[in-house]
Structure formats: structure tokens, C-alpha cells
Amino acid sequence: MASDYALKIPPELEAASRLRTVQYFVTQRPWLDLYGVHVRPVAPFGSASSKPFVDPALIHRCLPDELLSEVFARMTPYTLGRAACVCRKWRYTLRNPVFWRSACLKAWQSSGVVENYKILQSKYENSWRKMWLLRPRVRTDDCLYVSRNTYIRAGVAEWKVTNPVHLVCYFRYIRFFPSGRFLYKNSSQKVKDVVKCMNFRASRADCVFSGHYTLSDDKIEAAVLYPGMRPTVLRIRLRLRGTTAGANNRMDLLSLVTSGVNANEVNGPDEDILGVVEGWEEDESHNPDVPAVSHKRGLKPFVFIPFEEVESSDLNLPVDKMDYYVPG
């Protein structure tokens, strides 16, 4: 028996209420409307297909493939990597081994062309791009490697009431060149102030010294001469690594040794001092007034900083804002 208090709902309102209830239980899937819509892929560069193809991109219709290849040939390898992310056609174009061959031969020019071809065939399956990504190399593209070091120095006590301490911050700067030379500077100046003088035209007042280095696998042997009344050579051993494949943006400082050399062993600051000290023991010194010292402090890893980022780098922060830096 139906209740006398039951409400009679009109059919129109009942259908609308049922439809509103269904919306809460059905998940909206707008991508289902894309079924049956086929997007024509872009024809790869150098395709052998006989079908006529019209590229919809304006830049590809105005710029021939020959000129596009000339533009890519004048880019740096890291710019080529960014260009490969623009579109599919550029990605196929940049797989041409010509671009990566020139980059590899320039990066490892000290090894020689014949040696580079042997390494290519034996380790990297004749792929120049794979060789560029996996083989350790020194970054020489307008950049600095910077090591930030700190130590605590005791201050002057006042009335024996306070015992102040000071957190001292200093940097080691290295800039490599493809010719096997590098520049070294040890200073408390910030990165944005030092980058202006890290070149071979720097004056003696800038305290920038030049040296030579060699790269073997991921190990770097470097040496720099401090001229003066008692010439001192700084021997540096480094290990290359990267936060991502092909980055090579970190260097671990394995050892740092200062030794004395005789004045008749070197002819000037531009001489290959690395060849002079090659084969020396770690505690070897050729000047009794300058004993060999193996430094155990100030061995923080080096961080890669390109010139366009020196103004905004975190290494410019003072110690009151960044007392410790983790290079990663």
C-alpha cells in the first residue's frame, strides 16, 4: 500500500535527476574523442620515400636542408643537443655523424686523429655520438671549473671574555684549453670577478698562472709553475665525472702536491712543466729549500660553470648566506 505522503515526481524531473546522478559515477575521458584522428608523421631527413611531402613548418619551407646543415655545423655540441629537442626533423638531421665527428676530433685533438679512430672502433661501435656522450673529456667551451673551500681561523680574543672565530672562504679556479694548456688561480675573489682575468692576456698582478695537462681515460695530470726566487711547481691530479651522461661537469681533486725545482730545469713560465716533473715521486723535490708538501685540506671537488652563468652562480654568495656548499 503506497503511503499517502509519497510525492509524485514528474517524468521530466526524474530523468534529469537520473542523468545528474550518472555524471558522478562516470569518469570524463576527453581523449577518447581523439580515436580515429590520425596525425601524419614528419618525413625524416633524407627519406627515400617517393611520395611527395610538403613540410608545414615555415622555417623548413624557407630554409633548404643544405643551409640548415651549414647552420648546425657551426653550433657547439651542447647547442646541437638542444636543437635536437625542437622537432622531429631536426632530431633526424642531427643524427648525422658528421656533426659529432668534428666535435670529437676537436675535443680530443691532443690524442691525434689515428688514435681517436682506433678508440672509436674498439670502444664505441663506430658511433661518434656515442663516443661524445660516454668518453670522458675536459670542458673547454668558455667555462670555468671552480672549487670552493672553507676553513675556520681563530680571531683575537678581547679581554678573555669572547673567543671569536672566522669562517674563511677561498676558491681554486681552472680553465682548460684544447691545446693541452690551462690557467690556474687561487683567490678569495668571487666567480663574477675572476672570470674577467682568466685568459692569457692577464697581467702578473692578477696572479693567473698557466700550466699543461694530459687526459688519460678519466684521470687528469696537471702541473703549473710558480716563478720567483724559489721556483715551485704545483702538481694536480684530478678525476672527471658528470652528474649526467656526457656532462663532465665535476672534477674530484685526488692530490695536490707542491715541490721545488731547480732554476736550470725550467727556461720560463711557458715551458711544459708537466714534462719536467713527469715520473717524480709524491715526496720528491729538486730544491732543498722547498720541500715537497702533499696538501690534505682544500680538496673540494670542482664544479663546472659556463661564462653565461657566472653572474647568477650560487658560488657568489657570501659565507653568511652559504657556509657550506655541496657540489653533488
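Residues numbered from 1 in each chain as written. Predicted model: local features only at pLDDT ≥ 70, side-chain atom pairs only at ≥ 80, totals over all residues. Heavy atoms only, no water.

A. Region of the structure containing the overall build of the chain. Helix and strand content of the chain: 10 helices and 9 strands. Relative to its 328 residues, the chain shows a buried fraction of 33%. Taken as a whole, the chain presents about 21600 Å² of accessible surface, with 54% of it coming from carbon and sulfur. (Helix = DSSP H or I, 4+ residues; strand = E, 2+ residues; numbered from the N terminus. Buried < 20%, exposed > 50% of the residue type's maximum accessible area, 1.4 Å probe, protein only. Areas by Shrake-Rupley, 256 points an atom, 1.4 Å probe, with all protein chains shown as cover.)

B. Geometry of the side chain of Asn-199. Of note, Asn-199 is situated in the loop between helix 9 (191-194) and strand 4 (209-216). A polar contact is formed between the side chain of Asn-199 and the backbone oxygen of Lys-196, at a distance of 3.2 Å. Of the polar contacts made by the side chain of Asn-199, one reaches the backbone nitrogen of Arg-201; its length is 3.0 Å. Apart from the residues lying within four places of it in its own chain, the contact partners of Asn-199 are Arg-175 and Leu-183. (Polar contact = N/O pair within 3.5 Å; in protein donor to acceptor, adjacent residues only side chain to side chain. Contact = heavy atoms within 4.5 Å.)

C. Quick look at helix 6 (residues 97-107). Burial in helix 6 covers these residues: Phe-99, Trp-100, Ala-103 and Cys-104. On an axial view of helix 6, the arc spanned by its buried residues comes to 125°, and they lie on one face. Turning to helix 6, the residues buried within the fold contact helix 3 (65-73), helix 4 (77-83), helix 5 (88-93) and helix 8 (128-134). (Arc of directions from axis to C-beta.)

D. Representation of the pairing of strand 7 (residues 250-260) in the model. Within strand 7, 10 of the 11 residues are buried, which leaves it mostly tucked inside the rest of the structure. Relative to strand 7, strand 6 (residues 232-241) runs antiparallel, the two being bridged by 10 bridges. For Arg-239, the partnering residue across the bridge sits in strand 7 and is Asp-252. Relative to strand 9 (residues 302-306), strand 7 runs antiparallel, the two being bridged by 2 bridges. Following the sheet pairing, Met-251 is matched in strand 9 by Phe-302. Sheet topology note: the strand 7/strand 8 (residues 293-294) ladder contains 2 bridges and is antiparallel. Across the sheet, the residue bridging to Thr-258 is Val-293, located in strand 8. (Pairing = 2+ DSSP bridges.)

E. Representation of the layout of surface pockets within the structure. Estimated volume of the largest pocket: approximately 1100 Å³. What lines the largest pocket is a set of 42 residues, among which Tyr-78, Trp-132, Arg-137, Thr-140 and Asp-141 lie closest to the centre. A per-class count over the lining of the largest pocket returns 21 nonpolar, 10 polar and 11 charged. (1 Å grid on protein atoms, 1.4 Å probe; cavity = no way out; pocket = protein on both sides within 12 Å on 5 of 7 lines; lining within 4 Å. Points joined across faces, edges and corners; volume = space filled by probe spheres on them. Nonpolar A, V, L, I, M, F, W, Y, C, P; charged D, E, K, R; others polar.)

F. Spotlight on the nonpolar core. In this structure, Phe-176 and Leu-238 are the most contacted members of the largest nonpolar core, which totals 20 residues. Those elements giving two or more residues to this core turn out to be strand 1 (143-154), strand 2 (165-176), strand 3 (181-187), strand 5 (219-226), strand 6, strand 7 and strand 9. When residues of this core are assigned to their parent elements, the largest contribution, 4 residues, is made by strand 6. With residues up to four places along the chain from it excluded, the contact list for Phe-176 reads Val-138, Arg-139, Thr-140, Tyr-145, Arg-181, Phe-182, Tyr-213, Ile-220, Leu-238 and Met-251. (Core = buried A, V, L, I, M, F, W, Y, C linked by side-chain atoms within 4.5 Å.)

G. Inspection of empty space enclosed by the protein at higher detail. A complete count under the given rule lists 1 cavity of 30 Å³ or more for this structure. Quantified by volume, the largest cavity comes out at close to 40 Å³. Around the largest cavity, the lining residues are Arg-148, Thr-150, Lys-300, Asp-323, Tyr-324 and Tyr-325. Within the lining of the largest cavity, the residues separate by chemical class into 2 nonpolar, 1 polar and 3 charged.

H. Up close: the pairing of strand 5. Pairing geometry for strand 4 and strand 5, over 6 bridges, is antiparallel. Pairing of Gly-211 across the sheet is with Val-224, part of strand 5. A loop of 2 residues connects strand 4 with strand 5, the two strands running antiparallel in sequence, and Asp-217 in this loop sits at a positive phi of about 55°. Strand direction decides the pairing type here: strand 5 and strand 6, joined by 8 bridges, are antiparallel. Considered in strand 6, the bridge of Tyr-226 is made with Thr-232. Connecting strand 5 to the next strand, strand 6, in antiparallel fashion are 5 residues, including Gly-228 with a positive phi near 150°.

I. Focus on the environment of Tyr-184. By the secondary structure assignment, Tyr-184 is in strand 3. Considered as a pair, Tyr-184 and Val-224 are 40 residues apart in the sequence and their alpha carbons are 7.6 Å apart. In contact with Tyr-184, not counting residues within four places along its chain, are Arg-172, Tyr-173, Ile-174, Met-198, Cys-207, Val-208, Phe-209, Val-224, Tyr-226, Leu-234 and Ile-236. Side-chain polar atoms of Tyr-184 contact the side chain of Arg-172, separated by 2.9 Å.

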